[in-house]
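Structural description and commentary
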There are 4 protein chains.
Amino acid sequence: MTTRIAVAGASGYAGGELLRHLLAHPEVEIGALTGASNAGTALGSLQPHLVPLADRVLEPTDLDTLSGHDVVFLALPHGQSGAIAAQLGDDVVVIDCGADFRLADPAAWAQFYGGEHAGTWPYGLPELPGQRALLAGATRIAVPGCYPTVSTLTLAPAVAAGLVEPDVTVVAASGTSGAGKAAKAHLLGSEIMGNASAYGVGGSHRHTPEITQNLSRLVDGTVKVSFTPLLVPMPRGILATCTAPLAAPLSADDAYAAYREAYADEPFVHVLPQGQWPQTKSVIGSNAVHVQVTVDEAAGKLVAVGAVDNLAKGTAGAAVQCMNLALGLPEGLGLTTIGLAP
Amino acid sequence: MTTRIAVAGASGYAGGELLRHLLAHPEVEIGALTGASNAGTALGSLQPHLVPLADRVLEPTDLDTLSGHDVVFLALPHGQSGAIAAQLGDDVVVIDCGADFRLADPAAWAQFYGGEHAGTWPYGLPELPGQRALLAGATRIAVPGCYPTVSTLTLAPAVAAGLVEPDVTVVAASGTSGAGKAAKAHLLGSEIMGNASAYGVGGSHRHTPEITQNLSRLVDGTVKVSFTPLLVPMPRGILATCTAPLAAPLSADDAYAAYREAYADEPFVHVLPQGQWPQTKSVIGSNAVHVQVTVDEAAGKLVAVGAVDNLAKGTAGAAVQCMNLALGLPEGLGLTTIGLAP
Amino acid sequence: MTTRIAVAGASGYAGGELLRHLLAHPEVEIGALTGASNAGTALGSLQPHLVPLADRVLEPTDLDTLSGHDVVFLALPHGQSGAIAAQLGDDVVVIDCGADFRLADPAAWAQFYGGEHAGTWPYGLPELPGQRALLAGATRIAVPGCYPTVSTLTLAPAVAAGLVEPDVTVVAASGTSGAGKAAKAHLLGSEIMGNASAYGVGGSHRHTPEITQNLSRLVDGTVKVSFTPLLVPMPRGILATCTAPLAAPLSADDAYAAYREAYADEPFVHVLPQGQWPQTKSVIGSNAVHVQVTVDEAAGKLVAVGAVDNLAKGTAGAAVQCMNLALGLPEGLGLTTIGLAP
Amino acid sequence: MTTRIAVAGASGYAGGELLRHLLAHPEVEIGALTGASNAGTALGSLQPHLVPLADRVLEPTDLDTLSGHDVVFLALPHGQSGAIAAQLGDDVVVIDCGADFRLADPAAWAQFYGGEHAGTWPYGLPELPGQRALLAGATRIAVPGCYPTVSTLTLAPAVAAGLVEPDVTVVAASGTSGAGKAAKAHLLGSEIMGNASAYGVGGSHRHTPEITQNLSRLVDGTVKVSFTPLLVPMPRGILATCTAPLAAPLSADDAYAAYREAYADEPFVHVLPQGQWPQTKSVIGSNAVHVQVTVDEAAGKLVAVGAVDNLAKGTAGAAVQCMNLALGLPEGLGLTTIGLAP
């Protein structure tokens, strides 16, 4: 039986990528598509790459529009998801691509986002230990942030196995689509092309507490996380370089073996052949995360690198993966590990 | 029943894109993959985006390897297809992504490619009048060049209807993957990024006679074609700007109506809403061609613009479309009109 | 004696490039810098590449601020230059980088810009026949548009010598900085990278009448101009591909000789060695225009290609060149023909 | 009196950038230009952006060609500089842009480069404590590597003042020109655009021991350096993100003050206003390094970010700065702190 879905926020990058994924999903029917200022506009002028939906007109983001669907995806600015979800029945699966329900700690929410903490929903990273079971049958799911997805998956095997001190440094180079489609001068093509820059330095980026939360779940205590995001001139993709002090002497081979074992059964985490390092291009459009690890003996560090498409496995692909789990469908239905390159 | 396919030249860009398409095709089984200097190498190190084929090892491009398949795709440098095809039985469908069998005129072949003319196979552009029928059941098909595909489809309605003089000017801005994966200094990222350049100026590009051949089929006589290709800093996509003198006064609305009518039944040619102009990003990874047209009254010209992904509808997508027609499968099986954006 | 200059509109791309040029000019002292919404802001946060001016604070664009300078450069949205210039004395050299005073024909102004025609100032393209003399000692100068600069210089030798019919087709691929620094969603890096698009198709771009005006000065009558601008993923540079029907049979060698002769004495127009085609990267940051020409015998066309940096020779470099002429300084003072590559 | 210079290796990126700088230097005359396989070729076809030298023909890299100059710049693959320098008289200033004479430790040389250690020349980073004096009057100078330049300058104030543990993590995102102009498939534009990747991970990059050497000079002992270079899609520029554990509690303000003080008198190190983070675009074409620093209290880390143009201050600009010091000219002669943006 076909699942009827709605997408709230269909004119942005996350919304468009959700639709690209859902159009490829064999078990869904695309229902209402909503927008804020774009309500009333045909999708063809906003997302011209989605030809089959070119004539669909955006509706307002309200209960009338969103009710009557089996699954509602929210791709909205943070702060808006709670009110909408409260209106939708408990039998509706609500999958939030925003940040509202990711953090368990109200203090962290207050510090990084401000305002009242909306609450916590099951966290949509099935690759975390024990997490897949929590998503089966869930009707409310918080899709992880893009940086936390790749940072967590790149570090988890080392952290969980105690190979490194709970004190990690993540420098993540991101494409620009993570910053959204709202017009901002510093995101103009003229500014971005030929340019690499750092932002949110010193632990101020909002994804920092989410990475901390994920990694700390893996150990007894809190993992210290130094997180620096970079903006580099590409539209999609994140490359996360993760460095941590070795807890004890460790060979590169043993580090590699630990990663291979940790992800042996994960369909979407691909540990590359030893010696081959991730590149974002290999995962563009795909739900795969590519990971590699080694040891720097002279520096006493484990270094792991991960690549993800921030809009796919980093957002929309994860959302579909979560929907599949919530509905009891095969986890990978409609998803791919094949990237678009070159 | 599953169709068993082989790809000769699986390590290049066309080969990789063929595999990306074929992995998404529900009716094929991927058999032998071959390479020249890369024979013996695992595909995972050459095409790391094709995760499901990462462990497949390239074999030599020879009869032993290629025999026993229902369909053989050739993605080889020109000049090599004829000898291979001659060895494969007439019951094997051979689809050549190279230039060897595209040109009907031996003199044009000699002038632009040199050496002996291999012959002419059914030309794999089903959108040309009458061409679809020729591809049904064909066992030898020549996939069109990327520039000819978009140039022909962007101009065909105007030329065929006699809206313009048979004297067209095409300036086509292309991404770099059309130039292939062989290492050349002028194609280095350092040279390409931030740079636009012209090449093959003055009618010397090898796709010129192919465009001429296609357009001349539509009229009684020869269409003069001025073709200038540009290299612009993007990996994929071609944007063709096509200008021709009006044959008689014509309104923009009438020009548009002619294009809509011409392509009303074509699944992969998408005439955009009037006033919306094509961009390559909308067709990346897709088999769609986006087209728009208008009239410049002051200059007395019809101006039409088309966008294509040179590797998809411009090569591998067209090849799969042709395979579907040859085998009697639904023409669009395994193909998409959805692009990857942003 | 040092010339004291002011720049109105110092926070935009044209303003920033003017300052980059003026900082390299040995005979000027940089006085007032003005902005609109950015008045009161330190330049260091707006133009961080201009380190020597980092602590300079923008002032409002008004008479108080701009008076007391020998030369005032205007880098403002069109429609604002006239009122400011009227307030400045006739002894002040006013150089307008905007469009207000470029077009001689009020009807063309009304059609393409709307509103009242401000008038016509000496046109700052000294390479046009007879134009250099008009700029010597001028106190009001209209700097040409970026597309008209490269289109005109790429076609002028052929048009002036009657080598081609007065019926030209220009397709010009531009970087994004020509669209300015105002935040617009379609100019976001996420939209621009990996994307080529056409805009202003069908003769509707505002630079069309300016190209027509320039080329028509060279002949007895009006030159028909079909002009299509493209946006390609690079921050700077324009590559103009110019095609025109041959007026009579012509060899490529003769076309080339005509270009070499036409520009033999021009310091900033560089006709490349025969067979070498322009690329925008060679002229980035420089005041040079690179040009090449050939003949397509089969198509009966002359094809010429030109490259310019839209912000340098296309705007700020031309402005400085004009200032030098106006003040009787050596024409190339503070300017360079050396590009920044790779 | 004019200084007569030669450039060995004028066809590569470092050589081209040396010439771009030297053409802007008021006190030098450009003598012999040499190449290896490109000897006999006009520079105009190899470096078309250097218009004033377009007709200069490359000569072979040998003693005959290089003798008779006051200064010889070597921009050669490593391993070649020693033999050439040995032939040039002690009165000739030889400035090596390669790696041969940078490392003091033969064991480090053997481990990272292999073969015999050529020796050690004065290290051309005048911003290191005491180093400027060693360069005055020197006749042999080793120009630092690009990564070591920015990494060292970004960390030096913190390391030298003991603000951090001697245990640093550097992740440096680089443009592609640092990889040179030799044709390699993984550096093709098609591979690079839209792609971020890591390489030389785990301490294996050749610049690692150079960074270690520089930072260890500032303390009593050895600084542990974890260095990971990234390749990101831009032609020029390096952004180095440097993280180190705080040695003791430290405020962001105090860290900033330490940086400002450390670089108060350095003409080419620009500590940005507090809160403004470096971007590579601001330093393209310039000899400036932009630096910013903060403290991440939760993670217990100092985080500093630096930006440099790998070809300018990272290579050719540094070489000219060193030449100025060697010859007793003003240190900044012919150099600029102004970048080319956008």
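Every value quoted in this text rests on a predicted model; they were computed, and no experiment measured them. (Residues numbered from 1 in each chain as written. Chains lettered and ligands numbered in written order. Predicted model: local features only at pLDDT ≥ 70, side-chain atom pairs only at ≥ 80, totals over all residues. Heavy atoms only, no water.)

Looking at the relation of the copies chain B and chain C
Mapping chain B onto chain C calls for a screw motion: a turn of 180° about the axis and a shift of 0.0 Å along it, with 0.0 Å RMSD after fitting. Such a turn and shift between the copies fits a two-fold axis. For chain B, the minimum C-alpha distance to the rotation axis belongs to P233 of chain B and amounts to 3.0 Å. Interface overlap between copies is the fraction of interface residues in one copy that are interface residues in the other; for chain B against chain C it reaches 100%, indicating a shared surface. (Least-squares fit on C-alpha atoms with pLDDT ≥ 70 in both. Contact = heavy atoms within 4.5 Å.)

What to know about the packing of aromatic side chains
All names here are of chain A. Taken as a whole and assessed by the stated rule, the structure comprises twelve aromatic pairs over all chains. Relative to Y113, the ring of W109 lies with its centre 4.2 Å away and its plane at 10°, an arrangement referred to as stacked. Across the pair, Y113 and W109 agree in class, each one buried. The side chain of R140 reaches across the aromatic face of W121, ending 5.9 Å from its centre. (Phe/Tyr/Trp six-rings, centres within 6.5 Å; stacked < 30°, edge-to-face > 60°. Buried < 20%, exposed > 50% of the residue type's maximum accessible area, 1.4 Å probe, protein only. Lys NZ or Arg CZ within 6 Å of the ring centre and 35° of its normal.)

Notes on the interface of chain D and chain A
Listed by partner, the interface residues are 40 residues for chain D and 41 residues for chain A. Area buried by chain D at its contact with chain A is led by A196, V201 and K281 of chain D, which between them contribute 14% of it. Summed over the shared surface of chain D and chain A, the result is two salt bridges. In this structure, the connection of chain D to chain A is made through 15 residue pairs in polar contact (both at pLDDT 80 or more). When residues of the side of chain D that touches chain A are traced back to their parent elements, those giving at least two are β7 (167–174), α8 (189–192), β8 (197–198), β9 (224–231), β10 (238–245), β12 (289–296) and β13 (301–308) of chain D. (Buried area = accessible area lost by both parts, 1.4 Å probe. Salt bridge = Lys/Arg side-chain N within 4 Å of Asp/Glu carboxyl O. Polar contact = N/O pair within 3.5 Å; in protein donor to acceptor, adjacent residues only side chain to side chain. Helix = DSSP H or I, 4+ residues; strand = E, 2+ residues; numbered from the N terminus.)

Brief notes about helix α10 (residues 252–262) of chain C
Residues and elements named next belong to chain C. Every buried residue belonging to α10 is among A255, Y256 and Y259, and all of these are buried. Looking down the long axis of α10, one finds its buried residues gathered within 100° of arc, a one-sided arrangement. Seen from the open side of α10, the exposed residues pointing more than 90 degrees away from its buried face are D253 and E261. Against the buried residues of α10 lie α7 (146–160), β11 (269–271), β12 (289–296) and β13 (301–308). (Arc of directions from axis to C-beta.)

Observations concerning the UniProt feature "active site" (unreviewed entry) in chain A
Residues and elements named next belong to chain A. The sites that UniProt annotates as "active site" (unreviewed entry) are C146. Considering the arrangement of structural elements, one finds C146 in helix α7 (residues 146–160). Accessibility expressed as a relative area gives 12% for C146, which makes it buried. (UniProt positions renumbered as here; feature names shortened; annotations may be inferred.)

Description of the interface of chain B and chain C
With 40 residues of chain B in contact, the opposing surface of chain C contributes 40 residues. Interface of chain B and chain C: buried area, both sides summed, is about 3300 Å²; carbon and sulfur atoms make up 59% of it. Contact with chain C buries surface across chain B, with A196, V201 and K281 of chain B losing the most and accounting together for 14% of the total. Connecting chain B to chain C are two salt bridges. Our count for the chain B to chain C interface comes out at 15 residue pairs in polar contact (both at pLDDT 80 or more). At the level of secondary structure, the elements contributing two or more residues to the side of chain B that touches chain C comprise β7 (167–174), α8 (189–192), β8 (197–198), β9 (224–231), β10 (238–245), β12 (289–296) and β13 (301–308) of chain B. A total of five residues in the side of chain B that touches chain C trace back to one element, the largest contributor, which is β9 of chain B. Taken together, the residues of the side of chain B that touches chain C sort by class into 20 nonpolar, 14 polar and six charged. (Nonpolar A, V, L, I, M, F, W, Y, C, P; charged D, E, K, R; others polar.)

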